[in-house]
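Examination of the molecular architecture
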Amino acid sequence: MTTTNVTFDIEPRTPTPASVVRARPAGALHDVLAIAGRALRSVPRDLEAIVPPVFIAVFFFIVNIGTLENLTQNNIQGFDYTAFEMATAVLLGVTGVSRAQALVVDVQSGYFDRLLLTPVRRSAILVGHMVADVTVSSILCVPILALAFALGINFQTGALGVLMFILIAALWSLSFAGFGYAIALKTGNPAAVNSSFLLFFPFLFLTSSYVPRDQLSGWLDTVAGWNPVTYLLEGLRSLALSGWHWDDIGKAFLALLVVFLISFGLCFAALRSRVNQR
Amino acid sequence: MPPDTSVSDPPTESAESSVAGESAVSAESAESAVSAESAAPAISARGLARTYGEVTAVDALDLTIHQGEIYGLLGPNGAGKSTTVKMLCTLLAPTGGHADVAGFDIVARPKDVRLRIGVALQDVALDPKQTGLELLRLQGQLYGLRRDEIEARLVDLRELVDIGDALDRRIETYSGGMRRRLDLAAALVHNPDVLFLDEPTTGLDPISRASVWQEVQRLNDELGMTILLTTQYLEEADELCDRVGIVDNGRLVAEGTPGELKRSIGTDVVFARIEGDAAAARAALDGVYGVVGVEGRDHELTISVEDGSSAIGPIAIALHDASVRVRDLTLRTPTLDDVFLELTGAHFDTDAVGTAATGEDRP
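Residues numbered from 1 in each chain as written. Chains lettered and ligands numbered in written order. Predicted model: local features only at pLDDT ≥ 70, side-chain atom pairs only at ≥ 80, totals over all residues.

A few points about the overall build of chain A
Under the convention used in this document: In this text, helices come from DSSP runs of H or I with a minimum length of four residues, and strands from runs of E with a minimum of two, each type numbered from the N-terminal end. Burial is judged by counting other C-beta atoms within 10 Å of a residue's own C-beta: 20 or more means buried, 12 or fewer means exposed, and anything between counts as partly exposed, with every C-beta placed from the backbone.
Helix and strand content of chain A: 12 helices and zero strands. The secondary structure elements of chain A, listed N-terminal to C-terminal, are α-α-α-α-α-α-α-α-α-α-α-α. In terms of overall dimensions, chain A has a C-alpha envelope of 85 × 40 × 35 Å along the principal axes. The 278 residues of chain A split such that 42% are buried.

As structure tokens, then:
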């Protein structure tokens, strides 16, 4: 039997005024910010969760430009492949970035139970993590956009367009993260959470990731028409390439809403299931 | 400022010192609970049950724990102690029965319960990526404490945690003992009315265990905190608890002060190690003067007697006359293990009990 050494200070003590401190219900925002603060503190201590996505995004951004820039620009008049590909690079960087893996570690370590033992709102545990995710995703956009600017991108919508671009990318990251949280809460299994990455492929590759949609043919064009990421990419690209086209931007938000409703429906159902079974 | 939610007066329930099972003991009031009995109980459960499919983990448990009492749930692994605690602290939904903790229904008003309880579960539950201070501050935030209140509590808890500058280090660098102390401190950040300790000393060495006992006693003495602890260590229950409930197969089989429980099986115990089957030797002790009860298992007989010094002679003669060869015959006072044996016909599962807890050999 393993034993460990514990020594308590057992000097008699007079209760201090602090000893009359009593717990009281906190507001929902307070709960969310407390959980988000903890999640954000953990990010720099868990860099392996965010460095690979940025690396992958930058790597494919550069490689794809080197591979396809001449081919596309020589065949499509006035086409700026770097600006076109920037949206794909950003989505590659932010898709799948979430604290779902950390949440499943909490479930396994019992820390999730410790949170459940406090008066914190159950939904705040999830929303707090998601607030952290949106923050991290927004920050991750910055180095990719910086590289794009270094490569000569000129945003047609200016600084506000850049902010809108980051907002849409971060909301996409959040919507996609819902699937990871759903799996984390449903299974409590890190390997299963990793498998949520498989969703990444149909979303990001069965679409106009590398060439404009009108260059797609046959079944891929059909599938891309059903893929919400297609509309997301078109909205993002319009901000960089052609200005404030609210039709494209509106479709991007609509696509976001569809994915958001599905993934959040799943993850809050999983949260209820995990909490209720207890 | 968040609304004040000081504990309202919970509904009063009759305070009973119940004894379940055939081997009922007298229901004397616990010494420390005399004054508290007139107040509402800190914990009250009626018919509390939890099943997992076909398996019954907790079976119609009745429990009344008075304010300011240290109550021990004693039982071997798998007896249902941890499941009971998880239900009472709102982590697990009961499948039957009803319970109030700190005056609030655990099912209908779990949030009110959570505001008033502190819990240190059997497995230390900490976030290794945070520092000790960060974890304690977050605990304070989740209980709605203001920043100045949290910092004030940290001053108090630093003494309890007693790990010096390590509080500023990440928890992943802590030893097992440091983690357990931090876990206990996290359960105390908000000064709970009721503290649940689920096997708080499992895995600790005897010196560390004694330190935990003293800290638990201090919390009870100085702050009047009601403490429900589960343990599989007999001496722990004996040393710490005002009252003890013995749990077996999900049922509360006896309840009382450690002294009451031990007295319930007689003043003394004669322990005999014999050759041959103990069950057969039991018959030899039927009607022997002073013998109150006999439990036999393998090559051991545990004989409850009113007066050990008077009974040991007749017992030796009776066994000899029945051609039972006796290797050892020992007279001693009863232990809680004897009580458990008397009530259930079995000793505790022994790998983690007895020697590990007390540092002494058990029969």
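Details of the overall build of chain B
The cut-off we apply is this: Contact between two residues is assigned when their C-beta atoms, built from the backbone, lie within 7 Å.
Looking only at helices and strands, chain B features 12 helices and 14 strands. Burial statistics for chain B: of 363 residues in total, 55% are counted as buried. For chain B, restricting intrachain contacts to residue pairs at least 6 apart in sequence, the fraction spanning at least 24 positions comes to 72%.

Considering the sheet that holds strand 10 (residues 251-256) of chain B
Residue and element names in this part refer to chain B. Formally: Should DSSP find at least two bridges between two strands, the strands are taken to pair. Under this scheme, a helix contributes an axis fitted over its contacting stretch, all axes are lines through C-alpha atoms, and angles between N-to-C directions fall in the 0 to 180 degree range.
Sheet architecture is open: six strands sit in the order 6-7-8-3-9-10, paired in mixed fashion. A strand with exactly one partner marks an edge of an open sheet, and here the two such strands are strand 6 (117-120) and strand 10. With strand direction ignored, the average angle separating the axes of adjacent strands in the sheet is 15°. The pairing of strand 9 (residues 243-248) with strand 10 spans five bridges and is antiparallel. Paired with V247 across the strands is L252, a residue of strand 10.

Overview of helix 12 (residues 246-276) of chain A
Residue and element names in this part refer to chain A. Note the threshold: Multiply 1.5 Å by the residue count of a helix minus one, and that product is the helix's expected span.
Here helix 12 contains 31 residues, and its C-alpha end-to-end distance of 43 Å stays within 8% of the 45 Å for a straight helix at 1.5 Å per residue. For helix 12, the full list of buried residues reads D248, I249, A252, A255, L256, V259, S263 and C267. Buried residues along helix 12 sit against helix 6 (122-150), helix 7 (158-187) and helix 11 (228-241).

Remarks on the pairing of strand 8 (residues 226-231) of chain B
Residue and element names in this part refer to chain B. The buried fraction of strand 8 is high, at six of six residues. As paired strands, strand 3 (residues 70-74) and strand 8 are joined by five bridges and run parallel to one another. Each bridged residue has a counterpart across the sheet, and for I70 the counterpart in strand 8 is I227. For strand 7 (residues 194-198) and strand 8, the ladder comprises five bridges, and the chain directions are parallel.

Here's the deal with unusual backbone geometry
With glycine set apart, most residues show a phi of negative sign, and most peptide bonds adopt trans. Residues and elements named next belong to chain B. The phi dihedral of A60 is positive, around 50°, even though this residue is not glycine. With respect to the secondary-structure elements, A60 resides in strand 2 (residues 55-65). Its 16 C-beta neighbours within 10 Å are what place A60 among the partly exposed residues. Positive phi is not limited to glycine here, since E199 has a value of about 50°. Mapped onto the elements, E199 comes out in the loop between strand 7 and helix 6 (206-223).

Some thoughts on the nonpolar core
As a rule of thumb, nonpolar side chains are buried together in soluble globular proteins. The line we're drawing: By our criterion, buried Ala, Val, Leu, Ile, Met, Phe, Trp, Tyr and Cys residues that link up through C-beta atoms within 7 Å make up a nonpolar core.
Residues A:V90, A:A169, A:L232, B:V101, B:F196 and B:L228 are the most contacted members of the largest nonpolar core, which totals 161 residues. Counting residues per element, this core draws most heavily on helix 7 of chain A, which supplies 16 residues. In contact with A:L232, not counting residues within four places along its chain, are A:I168, A:W172, A:A252, A:A255 and A:L256. Counting residues in hydrophobic clusters, the runner-up holds 15 residues, among them B:V269, B:V270, B:I303 and B:I315.

Here's the deal with the environment of B:R263
Considering the arrangement of structural elements, one finds B:R263 in helix 8 (residues 258-263). Residues B:R263 and B:G47 lie 216 residues apart in sequence; the distance between their C-alpha atoms is 27 Å.

Here's the deal with the pairing of strand 9 of chain B
Residue and element names in this part refer to chain B. The element strand 9 is extensively covered by neighbouring structure, given that six of its six residues are classed as buried. Here strand 9 shows no split at all, with R243, G245 and V247 on one side and V244, I246 and D248 on the other all buried. Across four bridges, the pairing between strand 3 and strand 9 is parallel. Paired with L73 across the two strands is G245, which belongs to strand 9. In this structure, the hairpin formed by strand 9 and strand 10 is closed by a connection of two residues, where N249 is found at a positive phi of approximately 50°.

Here we look at helix 11 of chain A
All names here are of chain A. Over its 14 residues, helix 11 runs 20 Å from end to end, which matches the ideal 20 Å to within 8%, given 1.5 Å per residue. Here helix 11 lies mainly inside the structure; 14 of its 14 residues are buried. Positive phi appears at G243, one or two residues downstream of helix 11, with a value of about 100°.

Remarks on the confidence of the model for chain B
A low pLDDT score tells you not to read the predicted coordinates there in detail. Residues and elements named next belong to chain B. Filter applied, for reference: As a per-residue quantity, pLDDT reports the predictor's confidence and falls between 0 and 100.
When pLDDT is averaged along chain B, the result is 80, and 84% of the positions lie at 70 or above. Ranking the elements of chain B by mean pLDDT puts helix 12 (residues 355-358) last, at 34, and strand 5 (residues 104-105) first, at 96. Across residues 1-36 the pLDDT falls below 50, and counting only partners more than four positions away or on other chains, this stretch makes 85 contacts in the model. Scored below 50 in pLDDT, residues 350-363 shows 21 contacts in the model against residues more than four places distant or in partner chains. What the predictor reports for the complex is a pTM of 0.78 with an ipTM of 0.82.

What to know about the sheet that holds strand 4 (residues 96-101) of chain B
Residue and element names in this part refer to chain B. Pairing in this open sheet of four strands is antiparallel, and the strands run 2-1-4-5 from one edge to the other. Looking along the sheet, the strands with just one partner apiece sit at the ends: strand 2 and strand 5. The pairing of strand 1 (residues 43-52) with strand 4 spans five bridges and is antiparallel. Following the sheet pairing, A49 is matched in strand 4 by G96. Running over the sheet, helix 1 (residues 81-88) touches strand 1, strand 2 and strand 4 and is turned about 65° from strand 2.

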